[in-house]
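Each chain, letter by letter, is given below.
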Number of protein chains: 2
Amino acid sequence: MAALMGQMMERPLLISSLLDHAEQYHGDTEIVSRTLSDGIHRYDYAAAAVRARRMAKALLRLGVQPGERVGTLAWNGYRHFELYYAISGIGAVTHTVNPRLFLEQLVWIINDADDQILFFDLSFSALIEKLAPQCPKVRHWVGMCSREQLPAEAIPNLLCYEDLLAAEDADYSWPDLDERSAAALCYTSGTTGNPKGVLYSHRSMLLHGLASCAPDVFGFSARDCVLPVVPMFHVNAWTIPYAAAMVGAKLVLPGAALDGASLYELFETERVTFCGGVPTVWQGLMLYLDAKKLKLSTLRRGVIGGSAAPAALLQKFEQDYQVKIDQAWGMTEISPLGTYNRAKLKHLKLPLAEQQALAVKQGRPPFGVQLKIVDAEGQTLPNDGVAVGELMIRGHWVVDHYFNLDKSPLQNGWFPTGDVGSIDADGYLQITDRAKDVIKSGGEWIGSIDLENLACAHPRVAQAAVIGVFHPKWDERPLLLVVPREGETLTREEMLAFYEGKVAKWWIPDDVVVVEALPLTATGKISKLQLREKYRQHLAG
Amino acid sequence: MAALMGQMMERPLLISSLLDHAEQYHGDTEIVSRTLSDGIHRYDYAAAAVRARRMAKALLRLGVQPGERVGTLAWNGYRHFELYYAISGIGAVTHTVNPRLFLEQLVWIINDADDQILFFDLSFSALIEKLAPQCPKVRHWVGMCSREQLPAEAIPNLLCYEDLLAAEDADYSWPDLDERSAAALCYTSGTTGNPKGVLYSHRSMLLHGLASCAPDVFGFSARDCVLPVVPMFHVNAWTIPYAAAMVGAKLVLPGAALDGASLYELFETERVTFCGGVPTVWQGLMLYLDAKKLKLSTLRRGVIGGSAAPAALLQKFEQDYQVKIDQAWGMTEISPLGTYNRAKLKHLKLPLAEQQALAVKQGRPPFGVQLKIVDAEGQTLPNDGVAVGELMIRGHWVVDHYFNLDKSPLQNGWFPTGDVGSIDADGYLQITDRAKDVIKSGGEWIGSIDLENLACAHPRVAQAAVIGVFHPKWDERPLLLVVPREGETLTREEMLAFYEGKVAKWWIPDDVVVVEALPLTATGKISKLQLREKYRQHLAG
Ligand SMILES: Nc1ncnc2c1ncn2[C@@H]1O[C@H](COP(=O)(O)OP(=O)(O)OP(=O)(O)O)[C@@H](O)[C@H]1O
Ligand SMILES: Nc1ncnc2c1ncn2[C@@H]1O[C@H](COP(=O)(O)OP(=O)(O)OP(=O)(O)O)[C@@H](O)[C@H]1O
Ligand SMILES: [Mg+2]
Ligand SMILES: [Mg+2]
């Protein structure tokens with residue numbers, strides 16, 4: 001017997017419908033941007049929607065076809081927001097490019113994506129001058145500025161964003177697309193190897209957006225003022241530009257100034273309630289607030305992810321600044337939401353120390369994704385908070401194939417994350433390491449994240465990294481690299497002593513190197529690849 | 001050029017995946033039910049999931065085919081919860097039947113739906129005895145009880161729920177269905193005419209569930225304990241049994257005892273944080289709390305809908321009990337969520353009186369549905385908070401066709417709701433009336449909801465209804481019917497005086513009838529149909 005179909009309206013899940021919603025029901029809610037040149041720019045969802053429609057017409061006039069990629073190299077700002085909606089709205093693909101990658105990586109990515117048009121912020125003009133000759137298939141380079149501001153650099157086929165807009169009216173309605181059609185493209189960070197492209201669909205993005213707004217994830221409402229420090233050039237700024245429109249939250253886009261002082265100013269003047277950033281951003285903010293003895297008047301919640309969040313940082317914000325920062329774990333391949341750390345009803349009764357121990361975990365999956373950990377043979381391990389294995393994920397916003405790669409990365413329908421960790425009986429994931437960063441000492445695993453977390457709890461440590469380096473007897477042993485807080489000093493001995501009694505003896509690093517800074521990747525993560533390269537022979541003796 | 005498809009996993013949106021999620025990540029979160037006979041029943045999502053899988057196997061063994069309807073006539077309880085998932089999980093259709101309808105309506109609905117099996121709570125045994133002979137196509141009547149409890153009534157083909165379960169193990173995985181296949185069926189309340197069937201799909205239910213959990217709707221999290229007073233036999237108990245599983249909220253199912261005292265006891269012993277009910281339920285609770293001078297220790301939020309919420313009731317709960325009750329507007333045809341009343345950022349600065357005036361509106365649409373109002377010619381009216389017209393809606397969880405009716409109710413892709421109201425510039429809907437209840441006096445419209453709201457603000461009024469009755473000169477004039485609070489009296493004169501200065505003079509009812517009770521429909525709404533019938537000639541002179 002043929003199944004009976006439901007008799008509800010059939011409407012596709014489309015990114016453009018988010019902007020329609022914001023325009024119709026939150027038209028006067030503000031979008032505030034710190035620009036590169038003219039200070040603060042301020043408009044609202046209604047004005048943004050009008051400009052996005054005009055940009056859509058401009059793209060069509062430039063001949064952009066359905067499914068074609070249109071690139072952006074830009075900070076978080078209102079024009080980038082307009083492009084997020086204009087490009088996918090006409091059925092093309094918003095390809096956000098990470099400007100912090102190396103030149104060769106950028107060239108490779110833009111050519112691999114086959115970007116037809118590339119929009120760029122003026123701070124990248126010099127970079128574009130170098131890129132353009134190596135990306136001959138890009139038909140137009142568009143400066144995200146007004147005519148007077150167009151850069152002096154020698155850039156071929158240069159167009160001006162505001163000129164394109166000025167030539168169009170807003171008399172346009174978003175087409176009805178297949179909800180499974182491609183909407184956006186983003187490459188991974190390149191932390192462990194070459195970046196790989198992930199091609200999101202309208203459907204995956206909308207389901208991800210709906211899940212992200214829930215109270216146990218971002219918890220966004222029309223009473224929020226949200227500031228994404230996470231860049232719009234990487235993994236959709238953790239979906240914040242979509243989620244904010246979905247609920248009608250005020251949006252504050254911080255541009256290129258992401259230091260503590262600049263962020264603090266925006267938090268206070270715009271009365272920001274929620275902020276999202278990687279650990280180094282929260283760390284920078286914390287050091288600034290601490291140094292200047294400042295308080296935050298409206299910021300009360302935030303999300304931290306991209307790499308492990310040090311417990312000390314979370315506690316400091318909660319206790320000294322009344323900001324509850326929740327940890328999330330995500331990946332480019334999963335849009336990025338995988339887990340979010342919010343307590344359950346039963347946890348509210350736990351003693352503070354136990355609640356804090358829980359908060360250091362990466363969190364539990366929202367409805368829409370499923371997790372499991374497997375051993376080297378691919379056998380599922382128990383969710384008991386003890387067993388450690390490779391993390392696998394599947395769900396509505398998880399990659400199926402990488403862009404331009406034939407071979408699917410999936411194993412029996414699950415995506416292997418390359419992350420290693422445990423899952424407890426309540427579904428809370430704890431990442432102990434990346435598979436590639438795991439330290440294997442005498443056949444046993446040592447988790448670098450735990451050791452880093454402990455080092456960060458030291459009051460004079462600003463940043464820490466633990467890597468495995470070659471050891472003649474044990475194959476690999478842990479090496480700790482620490483950056484002292486500004487004006488402070490640290491010694492090898494005190495760091496080693498600090499570990500005493502906190503971890504098993506054989507986990508304690510063999511040596512400590514005090515450094516001025518740690519090398520960061522394009523998305524602001526500590527580059528263990530570079531560190532391992534440099535310190536490979538450190539314990540060779 | 002063919003559109004480029006996204007490269008994300010393709011997984012259907014299925015109701016069964018909600019229960020899988022709750023089992024895996026919220027297995028020990030409780031579901032507490034007040035039963036008809038044995039007091040409190042207590043288990044958790046893991047146990048519920050196991051029993052739902054066993055029931056799925058029992059249904060298959062009984063020969064239930066994909067798309068076939070399986071009916072329920074039951075209160076809110078754990079077995080009903082299991083059926084919600086077991087029936088749709090195997091690809092059949094959960095048809096919840098409203099036991100408060102008249103016998104002839106029940107017979108008509110069960111036959112129209114072509115229910116193959118009908119599950120019933122024991123309090124309906126006598127009713128089933130009368131129904132069964134008139135519903136010959138029902139193959140089995142299943143008592144939701146254990147063998148010892150099976151009713152003595154003469155019911156043909158009687159089976160026992162616990163026996164069915166006992167015969168099966170839980171070794172079953174939910175099949176992958178088409179997400180557009182039918183999952184549930186519910187008929188409208190029959191307030192304005194005959195009930196009509198709405199056939200929900202898995203997809204519509206999941207999108208509706210995701211939208212319902214958002215902070216500007218129910219705002220459910222794993223820290224909530226949710227008690228739906230709204231019945232599972234009507235419009236999916238406003239999706240609460242699905243939404244709670246989606247986020248892992250504790251669920252408290254109150255059975256048949258919905259009076260103030262019984263609810264209060266559950267609120268306190270189970271530490272309920274959120275409750276959903278129609279105005280008469282909240283009214284009953286308020287009168288009970290008031291009379292007994294009680295406080296609520298954990299309940300802080302709730303939703304009210306199904307008919308207009310009197311301002312006085314919302315304010316009373318907020319001020320005296322610290323419970324914020326938000327008004328929602330919905331319909332069987334829209335799953336039911338249409339609008340939800342939560343303030344925006346800009347409203348938080350308004351004076352209290354203005355915030356209260358806003359709270360009386362029905363709310364604004366969440367992402368996923370769109371509203372408009374039209375005049376008699378179908379022309380769209382402005383969203384200015386002044387223009388009043390018929391409300392139209394479209395979106396992911398809106399009906400396309402009624403079950404077994406060929407002609408689509410849609411007009412140009414929009415569903416005409418039969419409700420009349422205004423929409424303000426912020427998207428807040430205010431229902432002034434049902435189209436069928438509108439009072440037309442000398443060619444001008446008078447909104448009955450406003451007049452009822454005002455009457456309810458009188459300290460000695462328990463309930464009020466305003467209907468249009470025949471008038472020799474003005475065609476129709478408003479008549480007020482009031483029920484005084486227990487032990488109180490009311491006069492015509494004081495009610496009329498109470499309106500003075502609060503509405504235009506010509507809106508003031510022509511007469512007042514003090515009554516002991518108002519007739520209610522099957523879903524607890526005041527039946528204006530019956531009132532109009534009875535008082536038609538009241539002003540005929
Ligand atoms: N809360 C977190 N705790 C620990 N690690 C995290 C957390 N959030 C993200 N990560 C790490 O970041 C990874 C995802 O990052 P992203 O997709 O930006 O690229 P990448 O993995 O750094 O780069 P590439 O895949 O190209 O090597 C995860 O696989 C995980 O290793
Ligand atoms: N918050 C509210 N304020 C005013 N009216 C409401 C509200 N919520 C629901 N309603 C009314 O309830 C109706 C939907 O109820 P339901 O689908 O249960 O059936 P019904 O309309 O009462 O019955 P029928 O359609 O069979 O006549 C809405 O169309 C509206 O008239
Ligand atoms: Mg990666
Ligand atoms: Mg109706």
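Residues numbered from 1 in each chain as written. Chains lettered and ligands numbered in written order. Predicted model: local features only at pLDDT ≥ 70, side-chain atom pairs only at ≥ 80, totals over all residues. Heavy atoms only, no water.

1. Observations regarding the overall build of chain A
Condition: Counting from the N terminus, the helices are the DSSP runs of H or I reaching at least four residues and the strands are the DSSP runs of E reaching at least two. Radius of gyration: over C-alpha atoms. The globule rule applied is 2.2 Å multiplied by the number of residues raised to the 0.38 power. Here the term buried applies to any residue with accessible area under 20% of the maximum for its type, exposed to any over 50%, and partly exposed to those in between, with areas from a 1.4 Å probe on protein chains only. Residues count as neighbours in contact if any of their non-hydrogen atoms are within 4.5 Å of one another. For the accessible areas, the method is Shrake-Rupley and the probe is 1.4 Å, while residue cover comes only from the protein chains on display. In summary, the charge assignment counts Lys and Arg as positive and Asp and Glu as negative, without counting His or the chain termini. The location of each charge is read from NZ of Lys, CZ of Arg, CG of Asp or CD of Glu.
What chain A contains, in helices and strands, is 15 helices and 24 strands. Against the globule reference of 24 Å for 541 residues, chain A gives a C-alpha radius of gyration of 23 Å, in line with a compact fold. Judged by the C-alpha coordinates and their principal axes, chain A covers about 70 × 70 × 45 Å. For chain A, the proportion of its 541 residues judged to be buried stands at 63%. Taking the contacts inside chain A whose residues are at least 6 apart along the sequence as the reference set, 67% of them involve residues at least 24 apart. Of the roughly 19,400 Å² of accessible surface on chain A, a fraction of 52% belongs to carbon and sulfur atoms. Separation of charge centres in chain A, based on 52 positive and 62 negative side chains, amounts to 3 Å.

2. A word on the pattern of salt bridges
What counts is decided by this rule: Salt bridges are defined as contacts in which a side-chain nitrogen from Lys or Arg sits within 4 Å of a carboxyl oxygen from Asp or Glu.
Evaluation of the coordinates by the stated rule reveals 75 salt bridges over all chains. Of the charged contacts, one joins Arg492(A) and Glu493(A) as a salt bridge, the two residues approaching to 3.6 Å between their closest N and O atoms. Within this structure, Asp216(A), Lys324(A), Asp326(A), Arg342(A), Arg364(A) and Arg223(B) form a network of salt bridges that share partners.

3. What to know about the site of ligand 1
Residue and element names in this part refer to chain A. Rules: Residue proximity to a molecule or strand is established when one non-hydrogen atom of the residue lies within 4 Å of it. Two N or O atoms form a polar contact when they lie within 3.5 Å of each other; inside protein one atom must be a possible hydrogen donor and the other a possible acceptor, and for residues adjacent in sequence the pair counts only when both atoms belong to side chains. Under the grouping applied here, Gly and all other residues not named as nonpolar or charged are polar, the nonpolar ones being Ala, Val, Leu, Ile, Met, Phe, Trp, Tyr, Cys and Pro and the charged ones Asp, Glu, Lys and Arg.
Gly190, Thr191, Thr192, Thr332 and Lys525 are the nearest of the 21 residues found near ligand 1. The contact in question runs from an oxygen atom of ligand 1 to an N or O atom on the side chain of Ser189, over 2.6 Å. Thr192 places a polar side-chain atom, nitrogen or oxygen, 2.5 Å from an oxygen atom of ligand 1. Contact with the protein chains hides 96% of the accessible area of ligand 1, taken as 630 Å² for the molecule alone. When grouped by side-chain class, the residues that make up the shell around ligand 1 number four nonpolar, 13 polar and four charged.

4. Things to note about the interface of chain A and chain B
Our working rule: Throughout, buried area stands for the accessible area (probe radius 1.4 Å) lost by two parts on being put together, summed over both.
Each partner contributes residues to the interface: chain A has 87 residues there, and chain B has 86 residues. Both faces combined, the contact of chain A with chain B buries some 6,700 Å², and carbon together with sulfur accounts for 59% of it. Where chain A meets chain B, there are eight salt bridges. With its nearest N and O atoms 2.4 Å apart, the salt bridge here joins Glu10(A) to Arg180(B). At the boundary of chain A with chain B, the tally comes to 36 residue pairs in polar contact (both at pLDDT 80 or more). With seven residues, the single largest contributor to the side of chain A that touches chain B is helix H7 (residues 202-213) of chain A. Here the side of chain A that touches chain B is composed, by residue class, of 47 nonpolar, 20 polar and 20 charged.

5. Describing helix H8 (residues 240-247) of chain B
An α-helical segment advances 3.6 residues per turn. Residues three or four places apart therefore align on the same side. All names here are of chain B. Counting buried positions over the eight residues of H8 gives eight, a clear majority of the element. Within the span of H8, buried status applies to Ile240, Pro241, Tyr242, Ala243, Ala244, Ala245, Met246 and Val247. The first or second residue beyond H8 is Gly248, which carries a positive phi of 75°.

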